[in-house]
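# Summary of the model geometry
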Amino acid sequence: MAISIIIELLYRSRYSFKLLSLNICNYHPNCHVCRSQFTMQIRVSQRSLWYINSIGSCITFAGSCWVLYQIRRISQILQSAVNTNVLQLEQGLTQYIYLDDSRFEDVVFWENKLNLEEFVKESRPSTYSYLKTNWSSFHRNWAYKLLHVAQTGSKSDRWKALCSLSRSSHLNDWDYRHMAQMLNAKTAIILARMPNLEPRFFLKPPYDHVRLKLDDVRKRLCSMLINLNKSCNGCHKCLSEFIDKRLCNYQQESLFQDYDLVITGMTMARSVVWDQNLFQNCIQAIYHHSTFACHVRDIIDAKGLSVLMDVQKLFPADLDISVLLAEVLSNISIHSEYLDDIFRSGWIGVLAVWSHHEDVRLSATAARALANLDAEDDHNEKYPTRIYLLHPLYRDEMSKKLDVIFVHGLLGGVFITWRQRDLDASKRGLMDTFSSSHGSDSALFPGNHPQEFLLDLSRDLRMHEWKQLGHDFEVVLHDCPEASNSEARGPFTCSGNDIYLEHEEKDSSKRTQCWPRDWLGKDVPYLRILGINYDTNLSMWTPLCPTEGSKNTISERSEEFIQKLIMTGVGKRPIVWVCHSMGGLLVKKMLLEEWKNGDKHKLCQNTRSIIFYSTPHRGSHVPTLMTTQMLVWPSLEVQELWEESPALLQLNQEFVRMLKQYSMDIISFCETKSTLVTALRFPIQFVTSHSADPGVGEFYEIPQNHLSICKPANRQSFLYRKVLETIKHHVNLPKE
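Residues numbered from 1 in each chain as written. Predicted model: local features only at pLDDT ≥ 70, side-chain atom pairs only at ≥ 80, totals over all residues. Heavy atoms only, no water.

### As for the overall build of the chain
For the chain, the count of helices and strands is 33 helices and 12 strands. Across the 736 residues that make up the chain, the buried fraction comes to 47%. (Helix = DSSP H or I, 4+ residues; strand = E, 2+ residues; numbered from the N terminus. Buried < 20%, exposed > 50% of the residue type's maximum accessible area, 1.4 Å probe, protein only.)

### Some remarks on the nonpolar core
Among the nonpolar cores identified, the biggest contains 77 residues, and Leu-225, Ile-283, Ile-286, Ile-332, Trp-347, Ile-348 and Trp-354 are the most heavily contacted of them. With 8 residues, helix H16 (residues 319-333) is the largest single contributor of residues to this core. Non-local contacts of Ile-286, meaning those with residues more than four positions away in its chain, are made with Leu-221, Met-224, Leu-225, Ile-299, Leu-308 and Val-328. (Core = buried A, V, L, I, M, F, W, Y, C linked by side-chain atoms within 4.5 Å. Contact = heavy atoms within 4.5 Å.)

### Regarding the side chain of Thr-568
Within the fold, Thr-568 resides in the loop between helix H26 (554-567) and strand E7 (575-580). Judged by its relative accessible area of 0%, Thr-568 is buried.

### Regarding the pairing of strand E12 (residues 698-702)
Residues in a regular strand project their side chains so that they alternate between the two faces of the sheet. In terms of burial, E12 is largely enclosed, as 4 of its 5 residues are buried. Pairing between strand E4 (residues 483-484) and E12: 2 bridges, direction antiparallel. Residue pairing for E12: Ala-483 is matched across the bridge by Glu-701. One ladder, built from 5 bridges, connects strand E9 (residues 665-671) with E12; its direction is parallel. For Ile-667, the partnering residue across the bridge sits in E12 and is Glu-698. (Pairing = 2+ DSSP bridges.)

### Considering the packing of aromatic side chains
All told, the structure shown has 19 aromatic pairs when counted by the stated rule. Relative to Phe-718, the ring of Tyr-700 has its centre 5.0 Å away and its plane inclined at 70°; by these criteria the two rings are edge-to-face. You can see Tyr-700 sitting in strand E12 and its partner Phe-718 sitting in helix H33 (residues 718-730), a full 18 residues away along the chain. Take Tyr-700 and Phe-718: they sit in the same class, and that class is buried. Cluster of aromatic residues (ring-pair linked, three or more members): Phe-406, Trp-418, Phe-492, Trp-515, Trp-519, Tyr-613, Phe-669, Tyr-700, Phe-718 and Tyr-720. (Phe/Tyr/Trp six-rings, centres within 6.5 Å; stacked < 30°, edge-to-face > 60°.)

### Quick look at the confidence of the model for the chain
Residues at a pLDDT of 70 or more form 69% of the chain, whose mean pLDDT is 78. Under a pLDDT of 50 for its full length, residues 254-271 has, in the predicted model, 13 contacts with residues more than four places off or in other chains. Confidence drops under a pLDDT of 50 for residues 425-446, and excluding neighbours within four residues, the segment shows 26 contacts in the predicted structure. (pLDDT = per-residue confidence, 0-100.)

### A short note on the pattern of salt bridges
Evaluated as defined, the whole model comprises 28 salt bridges. With a shortest N-O distance of 3.0 Å, Lys-400 and Asp-396 are connected by a salt bridge. Looking at Asp-396, the relative accessible area reads 28%, which means it is partly exposed. The residue Lys-589 makes a salt bridge to Glu-593 at a minimum N-O spacing of 3.3 Å. Of the two residues, Lys-589 and Glu-593 both sit in helix H27 (residues 582-596), 4 residues apart, roughly one turn of that helix. Note on Lys-589: relative accessible area 19%, which makes it buried. Connected through shared salt-bridge partners, Glu-381, Asp-403, Arg-528, Lys-572 and Arg-573 make up one network. (Salt bridge = Lys/Arg side-chain N within 4 Å of Asp/Glu carboxyl O.)

### Overview of the packing of helix H11 (residues 237-246) against helix H13 (residues 276-290)
Between H11 and H13, the least distance of the axes is 10 Å, while the angle of their chain directions is 160°. Taken as axis vectors, H11 and H13 run roughly antiparallel relative to one another. Between H11 and H13 lies a crossing whose hand is left-handed. Contacts between H11 and H13 involve Cys-238, Leu-239, Phe-242 and Arg-246 on the former and, on the latter, Leu-278, Asn-281, Cys-282, Ala-285, His-288 and His-289. Here the contact of H11 with H13 is built from residues that sort into 6 nonpolar, 3 polar and 1 charged. (Axes fitted to C-alpha atoms, helices over the stretch in contact; angles between N-to-C directions. Parallel < 35°, antiparallel > 145°, perpendicular 65-115°, else oblique. Left-handed = near helix turned anticlockwise from the far one by under 90°. Nonpolar A, V, L, I, M, F, W, Y, C, P; charged D, E, K, R; others polar.)

### Focus on the environment of Arg-511
Looking at the secondary structure, you find Arg-511 in the loop between helix H24 (500-505) and helix H25 (515-523). Taking the C-alpha atoms as reference points, Arg-511 and Ala-713, separated by 202 residues in sequence, lie 9.9 Å from one another.

### Quick look at unusual backbone geometry
Following His-391, the chain continues into Pro-392 via a peptide bond in cis, with omega recorded as -5°. Summarising the element assignment, Pro-392 is placed in the loop between strand E1 (387-391) and strand E2 (402-407). Across the junction of Gly-490 and Pro-491, the peptide omega takes the value 10°, indicating a cis bond. With respect to the helices and strands, Pro-491 occurs in the loop between E4 and strand E5 (493-495). The backbone phi angle of Arg-386 is positive, close to 80°, even though this residue is not glycine. For Arg-386, the location among the structural elements is in the loop between helix H19 (360-373) and E1. The backbone phi angle of Ser-614 is positive, close to 50°, even though this residue is not glycine. Position of Ser-614 relative to the elements: it lies in the loop between strand E8 (607-613) and helix H29 (622-630). Ser-614 sits in the buried class, given a relative accessible area of 0%.

### A look at the pairing of E7
Counting buried residues in E7 gives 6 out of 6 residues, a clear majority hidden from the surface. The sheet contact formed by E7 and E8 spans 6 bridges and is parallel. Counted as the bridge partner of Val-576 is Ser-609 from E8.

### Looking at the sheet that holds E2
Read from one edge to the other, the open sheet built from 8 strands follows the order E1-E6-E2-E7-E8-E9-E12-E4, with strand pairing classed as mixed. Since the sheet does not close on itself, it has two edges, and those belong to E1 and E4, each with one partner.

### Topic: helix H31 (residues 646-661)
Taking 1.5 Å of rise per residue, the 16 residues of H31 would be expected to cover 22 Å, and the 24 Å separating its terminal C-alpha atoms lies within 8% of that figure. Looking at the buried side of H31, the elements it contacts are H27, helix H28 (603-606), E8 and E9. (Expected span 1.5 Å × (residues − 1).)

### Considerations on a nonpolar patch on the surface
Together, Trp-66, Val-67, Leu-68 and Ile-71 line one region of the surface with nonpolar side chains, adding up to about 440 Å² of accessible area. Here Trp-66 is to be found in helix H2 (residues 32-81). (Patch = residues over 30% accessible without salt bridge, like charges linked within 9 Å, V, L, I, M, F, W, Y side chains within 5 Å. Areas by Shrake-Rupley, 256 points an atom, 1.4 Å probe, with all protein chains shown as cover.)

### With respect to the packing of H13 against helix H14 (residues 293-301)
At a minimum axis separation of 7 Å, H13 and H14 run at an interaxial angle of 130°. Considering the angle they form, H13 stands oblique to H14. On H14, the residues that touch Ile-286, His-289 and Ser-290 of H13 are His-295, Val-296 and Ile-299. Considering only residue class, the contact of H13 with H14 consists of 3 nonpolar, 3 polar and no charged.

### Thoughts on the environment of Glu-482
By the element assignment, Glu-482 lies in the loop between strand E3 (474-476) and E4. On the basis of relative accessible area, Glu-482 is assigned to the exposed category, the value being 53%.

Written out as structure tokens, the structure reads:
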């Protein structure tokens, strides 16, 4: 149809041109009829040409579409015949390469230097202040320039550049991965300690895409443990005993496989079931092995970092295994010469993610490992085994005015002793009484409304009304003392406007697992908070480590922790000790040892205050009860707590004499309630008022038992407010 129309148009145009040519030959300029006919012919010719151009354009467009359609069909046919996705497999599995040769140090910065040529002149230094004034290349180029300054600038410029880089959220995934290739180990550590976490800044572990099998990881883990035992020639008795008892069947199985007895049908049934518990025991053995500095090199040589990464990829959601792995890495991180090994194995990114975990056991342990690897922070202070950095978990430039050290007691722990007290549903606070006095909420808001809306609205109104009335009240603190001595100073009350915080904290999601970290760090930001952790036992029947079994007395533990605290830099600034039960005896012993040795590390001189939670200064009658009725062979820790023990009495007398030379604020809390112990729920008061009073300082009797006296109910508890006021008194806060 289109072709016939085109032919007809061409014919008409040909006829029109023909008539036009004839008329031109017979054209008379002075003839009116000739001029009219000539004008008409010209219009017909122009109309015909317009039709021809329009139709031609349509035909060209339609033809082009048809050609493209045919090309697409041919491409689909070829793709169905040949799978072109095979060509992209290597692109998805690309591995990174480490360049150890210093000659290739600048190769990875080729693109960065090209971008910097127009931005940073060779005659001007690449400082953070200079870069900040130029925002023309804000996005991708700006991030690369920040990275360049972070790795080549001065210390202050590197810190400012990394702070800005950690807040970058506008980059593409490829940019993050590219910069991860360009990061060196020291810069990656500082970036991992930033409060703003971007996991894509860190390299993934090598062969992260490989799917691991349980049997392969089991073989690598067992081989590693056996090699570690051979490297130390069996000197680590715990490791040798673990291999002999738990992995003996694996060795026999390997022996059978070596002699190809499987082919002949002589197979051996596996009696060891490899589950998460057995993997956890293996990691526990490696952790114990890593506590000895002489054996850390053996773990690195046995490719232990790679094996541990395989275990982590096999059990990524197991919290207990993750905590043990973080403990192993924190022990290895004390030795800075292994920084490159940890960086290449991909552990930096994993530790960075763990440091932001909601569980304090994992976050504190991972933060300790990163702090040990950060060579530019805190003058190379290290946090060895059993010393935890509770605050700050992340890197900051705020100067620390005071060290607060928490020491737990018998059968306690850093993440057990210092928890917030569990809620008691039988007790109601002032806010609950105030809330119930308003009666039914539905009566205040008639109408058809959702129940959640009514609850939220009524709660907001009650809180608003209470805030308006609260400034007229002084509210007695929780856990207010039943009795105190003449030196007691309080505080015993708080402003009514603060009581609404109690109502907020009754939400279980806001309760803290470690009140020193979450509360003190917010109320006094100029602190460094440390926690000491050690293992204790009630009975000698409990299996003890043959290597560390002798380090159970207070004197031996004090020597150990003095050296470890010196490694962390304790003694360079003022100190406040917070102790529970036997932890107070340990602190007194450490200070006395330093006092007798001339206070070389200035622990006594810089100690400003000691806070005792039910510390048995004169012993306890519990060891006698346990020996006669419950146990036959009490542990050394229990034996040292004997009531009216001559060693404890002498320790307290020497401590009082030391206080005459070094002035310290002594605050003591004592329990007045009995603690239900054993399965029979037998009530025992662990520490009496006579034993809990050291004879100096402030003394308070608190209506709590031995376990709850160190666990404040909330931030309006006297047990916390007294600690807070004491710390604030000894912190020289900067003037605003």
